[in-house]
Amino acid sequence: MLCAATAAAQGLAPPPGPADAPPTPAGTRRIRVFPRGDVPVQVQWFPDPNSAQWIAVIDSGVNLIVDGLPQFGSIDVVTDRLVIWTAGLQEPDLTGNRAQDAQVPLEIYMEGNIVFRQGERVIYADRMYYDVINEIGTVLGAEMLTPVRSYEGLLRLRAEVIRQAGHGRYFAQNAFITSSRMGRPGYRIQAGDIYFEDLEFPSIDPFSGQPLVDALTREPVVEHRRLATARNTLLFLGEVPVFYWPVLATDATEPTFYIRNARLKSDRVFGTQILTTWNTYELLGVRHPIEGTEWDTSLDYLSDRGFGHGTTFLYHRDFLGGIPGRTAGLFDYWGIEDHGVDNLGEGRRALAPNKDYRFRLFWQHRQELPGDFRFSAEVGWLSDRNFLEQYFEREWDELKDQTTALELQQTRDNTAWSIMADARLNEFFTQTEWLPRADHFWLGQSIFRDAFTWYEHSSVGYARLRTAAAPTDPADAPWALMPWELASREGERLVTRQEVDYPLQLGPVKVVPYALGELAHWGEDMAGDDLQRAYYQAGLRASMPMWRVNPMAENRLLNVHGLAHKVVFDAELAFAESNRDLTLLPLYDPLDDDSIEALRRHLTSLPPVLSPFDPRSYALRTGMAGWVTAPSTEVADDLLAMRLGMRHRWQTKRGMPGNRRIIDWITLDAGTTWFPEENRDNFGTGVGLVDYDFRWHVGDRLTLVSDGLFDFFDDGQRVLNVGGFLSRPPRGSLYVGMRLLDGPISSSILSMSYTYWMSPKWISSFGTSIDLGGEGNIGQRFTVTRIGESLLISAGFNVDAARNNVGVNLAIEPRFLPKNRLGRVGGARIPVAGAYGLE
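Residues numbered from 1 in each chain as written. Predicted model: local features only at pLDDT ≥ 70, side-chain atom pairs only at ≥ 80, totals over all residues. Heavy atoms only, no water.

**Let's talk about the overall build of the protein**
Line of reasoning, step 1. Each helix and strand counted, the protein has six helices and 45 strands in total.
Line of reasoning, step 2. The buried share among the 839 residues of the protein stands at 44%.
Line of reasoning, step 3. Contacts in the protein between residues far apart in sequence, at least 24 positions, make up 55% of those at least 6 positions apart.
Line of reasoning, step 4. When the accessible area of the protein is evaluated, it comes to approximately 41,100 Å², of which 59% is carbon and sulfur surface. (Helix = DSSP H or I, 4+ residues; strand = E, 2+ residues; numbered from the N terminus. Buried < 20%, exposed > 50% of the residue type's maximum accessible area, 1.4 Å probe, protein only. Contact = heavy atoms within 4.5 Å. Areas by Shrake-Rupley, 256 points an atom, 1.4 Å probe, with all protein chains shown as cover.)

**Brief notes about the environment of Leu234**
Line of reasoning, step 1. Mapping Leu234 onto the fold places it in strand S15 (residues 222-237).
Line of reasoning, step 2. What Leu234 contacts, discounting residues up to four positions off in sequence, is Arg188, Ile189, Gln190, Pro241, Phe243 and Tyr244.

**Examining the pattern of salt bridges**
Line of reasoning, step 1. Scanning the model with the defined rule gives 43 salt bridges in all.
Line of reasoning, step 2. Measuring nitrogen to oxygen at the nearest pair gives 3.1 Å for the salt bridge that ties Arg412 to Asp372. Separated by 40 residues along the polypeptide, Arg412 in strand S24 (residues 404-412) and Asp372 in the loop between strand S22 (357-369) and strand S23 (373-382) bring together distant segments of the chain.
Line of reasoning, step 3. Classification of Asp372 as partly exposed rests on a relative accessible area of 47%.
Line of reasoning, step 4. For Asp570, the salt bridge goes to Arg647, with nearest N and O atoms at 3.0 Å. One end of the pair, Asp570, is in strand S32 (residues 560-578); the other, Arg647, is in strand S33 (residues 639-654), and 77 residues separate them in sequence.
Line of reasoning, step 5. Taken together, the salt bridges that share partners define one network made up of Arg305, Asp338, Asp342, Arg358 and Asp384. (Salt bridge = Lys/Arg side-chain N within 4 Å of Asp/Glu carboxyl O.)

**Overview of the side chain of Asp614**
Line of reasoning, step 1. Topologically, Asp614 is positioned in the loop between helix H4 (594-603) and helix H5 (615-621).
Line of reasoning, step 2. Taking relative accessible area as the criterion, Asp614 reaches 1% and is therefore assigned buried.

**Re the packing of aromatic side chains**
Line of reasoning, step 1. Taken as a whole and assessed by the stated rule, the structure comprises 29 aromatic pairs.
Line of reasoning, step 2. Taken together, a centroid distance of 5.0 Å and an interplanar angle of 80° make the contact between Phe428 and Phe429 edge-to-face.
Line of reasoning, step 3. Using a relative accessible area of 4% as the deciding quantity, one classes Phe429 as buried.
Line of reasoning, step 4. For the pair Phe452 and Tyr502, a centre-to-centre distance of 4.9 Å together with 25° between the ring planes defines the contact as stacked. (Phe/Tyr/Trp six-rings, centres within 6.5 Å; stacked < 30°, edge-to-face > 60°.)

**So, unusual backbone geometry**
Trans is the prevailing form of peptide bonds, just as negative phi is the prevailing case for residues other than glycine.
Line of reasoning, step 1. Residue Pro436 is bonded to the preceding Leu435 through a cis peptide linkage, with omega at -10°.
Line of reasoning, step 2. The topology assignment puts Pro436 in strand S26 (residues 431-447).
Line of reasoning, step 3. A cis amide bond links Ala477 with the next residue in sequence, Pro478, at an omega value of 0°.
Line of reasoning, step 4. With respect to the helices, strands and loops of the structure, Pro478 is situated in the loop between strand S27 (452-466) and strand S28 (489-501).
Line of reasoning, step 5. Even without being glycine, Leu689 reaches a positive phi, approximately 50°.
Line of reasoning, step 6. Structurally, the position occupied by Leu689 is in strand S35 (residues 687-697).
Line of reasoning, step 7. A residue is classified by how much of its surface remains accessible, and Leu689, at 7% relative accessible area, is buried.

**Some points on empty space enclosed by the protein**
Line of reasoning, step 1. Scanning the model with the defined rule gives eight cavities of 30 Å³ or more in all.
Line of reasoning, step 2. Taken as a whole, the largest cavity holds about 130 Å³ of empty space.
Line of reasoning, step 3. Around the largest cavity, the lining is made up of 13 residues, and of these Ala352, Asn354, Arg385, Asn386 and Asp476 lie nearest the centre.
Line of reasoning, step 4. For the lining of the largest cavity, a count of residues per class yields four nonpolar, three polar and six charged. (1 Å grid on protein atoms, 1.4 Å probe; cavity = no way out; pocket = protein on both sides within 12 Å on 5 of 7 lines; lining within 4 Å. Points joined across faces, edges and corners; volume = space filled by probe spheres on them. Nonpolar A, V, L, I, M, F, W, Y, C, P; charged D, E, K, R; others polar.)

What follows is the structure, encoded as structure tokens:
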């Protein structure tokens, strides 16, 4: 029996949107067929009366939608020709008006220009067979585009044959993976056989605990974990194989494929450098890495220094060891058998390392625990004093010291307590070992019916100050210990510092009389004797806000629409006395980082009394002893000072009419300190610590800035910065600035940097610094990046005059990398390949 029906006869209309699909009863599914274009659908049914099977043949362009499938809703197929196998006592309904039992067999064969969609997955193919109930099928000439976490574009998988062996399980033969949309991609990962597992699970609302539903399509929101195992894999650049690996196991949501990045550099310090970072999980063939972790391996070649190697393990989880609570940490190790010399700048360009094998081991861990507890741990271990400055200069200059410590802390409302222990592993740094130390804080507590406010910090611990060992290389001179670290000291330290405020509102002026007191005991001072100190500070703080608004202020040139001027005037008078001199104590709590202390030891030898170059005097003059939570307990001494300040804000509105926002147009903060006891407190001058910070946002793209800090005694610091920022995202940015420094060190540094997107395929960046005061050139860097369809190729040079070093570099990165270094050049954001279709 032959039955023929047209789309019009079955009432088939143009396809509605997904949200228009009628609800499907549980345990059933609906089959809907629509024309692919303007030609009506021609359906031929071939029934088998003996087996109750039905076969439909559609040889015109067709769109097939099957709703009500388990887990994730529906499949949507567009193809030139279609064959359907199903069963039933009556002719199946293709209009969707009559539901079909979900257990009835349903198989589909597609041919010609196939687009198969299920969830977020899209498959393009020439021929395809699919069993809906068992979720098995075969795809010939397949190409699949799938989204990837942390990636703007789509990942492309192409294979001669793909077989689906069940829900989310695929086998591919003669396949390659790339993000390029070109027919012959510039790069690809090619394999003989690939096993791909796509684990889908509903996205859960963290607040309600219910599955999330797309508001537009009413389909469940799906999350994926895509795992792939490939054998006999080759990395191709163009048609040239550049890397082979027998087995690759990877999480496809992190599509870095073995190598994270590769760089080629050359300079006078390290020679020719080949620097590579690899995905360790993939190299080891780990199919199921620990969730929330990343593991990398570094393999580096430095022709003038040796072979470098290391590993980095990063973790971020919601629990650890069965204990709930956010947990994050980083383990990083890098070492090298070094056969060169260190170049650390003028006067230190040929320092012989005192160890052949040099390394840095670094670990930081933080874990939130139930009951408002937090556990922290860190390890910082270096092979020698100059390793970090030579190989990881940014960490040496900007990041936290390399220390080893444990801490348990609890914070609730305005109270906190902690207990910690420290150990020094690096003998070439001055550091304090706490064995152990406990602190308690109670801040901003109202007492006596809210009339007074109380602040408290108490600490008890056993401290061991271990001073830095002198360098063994005579070329690493001059070098001298600072006055507070001339000898190692240890002993107990007990201290409590408390403050009581009495806030008053006198008309527009807020006045706060306060009294602060401290009692402290040290087991050993600089002379090795025990020391007790009583310290107090009394004073008055006052502030007065003022404002004025002019809504009629208008200036189209300056983009000003209304103007509000807000200012707060501050003043503080402080009188402090201590029964012990500050210079009697070692600094168990340091003021400077290890890098700053190392610089001081090379620059000058300080006298035992306080001097302008002594960081203790600066901390004291700025009022650190008046802070209950002061970072260094030892800094406290006699002082009489009046501090005056003002904070200005000129605000206006910007944006489209009817949708304007308030912005700070101009800001100016300024302050100064008067020292009545000028000879004792400020090296013979009555006024000091004059500072200001100015910002003028001329437009949304142009900002002028200036700040300064001035002291007026001999060798006092005088710092002035003036500059301007111009930003045109995503086109580029420009900065020009001048820094004037006078005092113990004098310089006049002119700096300029820019990033410019010259064309859709080229970006350049440049930076330079020149000392106009006599030192001359400081350094330059220049980089130009070629934006290819598949690769980012960056080349450039850098000049470091202090180290007499000139270097060149070349870096190549695929554009699919989710964390690529070249993808952001000075704010000029480079989109990933294929993010906006074919380029």
